[in-house]
Amino acid sequence: MDNYNSKISVTIAGKPVTFTTVVDQFDNNSTFKVYVDSGNVDGNVIITIGEVVEDASGNKNASATNDDVMVDAVGPSITNVVVEGCKEANDDGYIYCMAQEKITITVTFDDELSGNSSPVLNVAFDSKGTGTYTVSKSEDKMSLIYTYTISSYDSGLISEITLSKGNLTDSLGNVASLLLTAYDRVIIIDNSKYAITLTPR
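Residues numbered from 1 in each chain as written. Predicted model: local features only at pLDDT ≥ 70, side-chain atom pairs only at ≥ 80, totals over all residues. Heavy atoms only, no water.

Asks: It is not clear to me how the overall build of the chain should be interpreted in this structure. Could you clarify?
Replies: In terms of regular secondary structure, the chain is built from 0 helices and 16 strands. Expressed as a percentage of its 201 residues, the buried residues of the chain come to 28%. Long-range contacts, defined here as pairs at least 24 residues apart, represent 65% of the contacts in the chain between residues at least 6 apart. Looking at the chain as shown, the accessible area adds up to about 13,000 Å², and 50% of this sits on carbon and sulfur atoms. (Helix = DSSP H or I, 4+ residues; strand = E, 2+ residues; numbered from the N terminus. Buried < 20%, exposed > 50% of the residue type's maximum accessible area, 1.4 Å probe, protein only. Contact = heavy atoms within 4.5 Å. Areas by Shrake-Rupley, 256 points an atom, 1.4 Å probe, with all protein chains shown as cover.)

Asks: Mind showing me how you'd approach the pairing of strand β11 (residues 120–124) here?
Replies: Along β11, the buried face is formed by L121 and V123; none of V120, N122 and A124, which line the opposite face, is buried. Bridge analysis of β11 against strand β15 (residues 160–164) gives 5 bridges, and the strand direction is antiparallel. In the sheet register, V120 faces β15, and the bridge partner there is S164. (Pairing = 2+ DSSP bridges.)

Asks: Whenever I open this one, the environment of S143 confuses me. Can you help?
Replies: Of note, S143 is situated in strand β13 (residues 143–149). The spacing of S143 and T108 is 35 residues in sequence and 4.2 Å in space, taken between C-alpha atoms. Non-local contacts of S143, meaning those with residues more than four positions away in its chain, are made with T106, V107, T108, L113, S136, K137 and S138. Looking at S143, its side chain comes within polar contact range of the side chain of T108, at 2.9 Å. (Polar contact = N/O pair within 3.5 Å; in protein donor to acceptor, adjacent residues only side chain to side chain.)

Asks: What exactly am I supposed to notice about the confidence of the model for the chain here?
Replies: Regions with low pLDDT should not have their predicted coordinates read in detail. Per-residue confidence for the chain averages 79 on the pLDDT scale, and 80% of its residues sit at or above 70. Mean pLDDT values for the elements of the chain range from 70 in strand β8 (residues 87–88) up to 93 in β13. (pLDDT = per-residue confidence, 0-100.)

Asks: Got a minute to help me understand the sheet that holds strand β7 (residues 78–85) in this structure?
Replies: What holds strands together in a sheet is hydrogen bonding between their backbones, with the strands either parallel or antiparallel. What the 4 strands build is an open sheet, ordered β7-β10-β13-β12; its pairing is antiparallel. Of all strands in the sheet, those bounded by a partner on one side alone are β7 and β12 (132–137). For this sheet, the mean angle separating the axes of adjacent strands, direction not counted, is 15°. (Axes fitted to C-alpha atoms, helices over the stretch in contact; angles between N-to-C directions.)

Asks: Would you explain the nonpolar core in this entry?
Replies: The tendency in soluble globular proteins is for nonpolar side chains to be buried side by side. Judged by nonpolar contacts, the single largest core of 26 residues is most densely connected at I103, I105 and F109. Elements represented by at least two residues in this core include exactly β7, β9 (95–97), β10 (102–109), β11, β13, β15 and β16 (187–189). Among the elements that make up this core, the one with the highest residue count is β10 (4 residues). Membership of the second largest hydrophobic core comes to 9 residues, among which are I8, V10, I12 and V17. (Core = buried A, V, L, I, M, F, W, Y, C linked by side-chain atoms within 4.5 Å.)

Asks: For this particular structure, what's the right way to read the sheet that holds strand β6 (residues 64–71)?
Replies: Strand order in the open sheet made by the 4 strands is β2-β1-β5-β6, with antiparallel pairing throughout. Edge positions in the sheet fall to β2 (15–16) and β6, since each of these pairs with one other strand and no more. Bridge count between strand β5 (residues 43–49) and β6: 6 bridges; the pairing is antiparallel. Within the sheet, the bridge partner assigned to I49 lies in β6 and is A64.

Structure follows, in structure tokens:
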């Protein structure tokens, strides 16, 4: 009963993975415990055990396969970012905002979200963003919806939207990735006031 691993195969999502085996023997029974190494992707686990034991007469066990286990070792990742709100110009497709108007930023993940502390929203303008925001989860718990209110100090083009901190995970505690995908809207904050010049006649 030596060299068990050469007669055992383990795949996750169709890919072979490394593992270790521990065998417990009680009377005529052998229990095989297969420990898969960390760092693997999510997916269905298939374990196949070949002819690893034999009795005194040389009769070997029949091969057996189990595919009832799923591995979830990867935290939620962002799949889409949608930015909406304010006024959209017909000629250039840009979004123009003024003070006290609101921008809705919907960040969608590939798994349901858990955790009681949402990531901090960071909005970078040509000048430092000082507006306030609220955040909520979508009904399917796969999106965070940030509503950002433009302040009178926000100005220029929104150059970057990022998330940081928080304790966002999936239901098993795998930590979410906060790396945002690209968003395809150009948002310009214009808080300048028109000057009126009176010319006497």
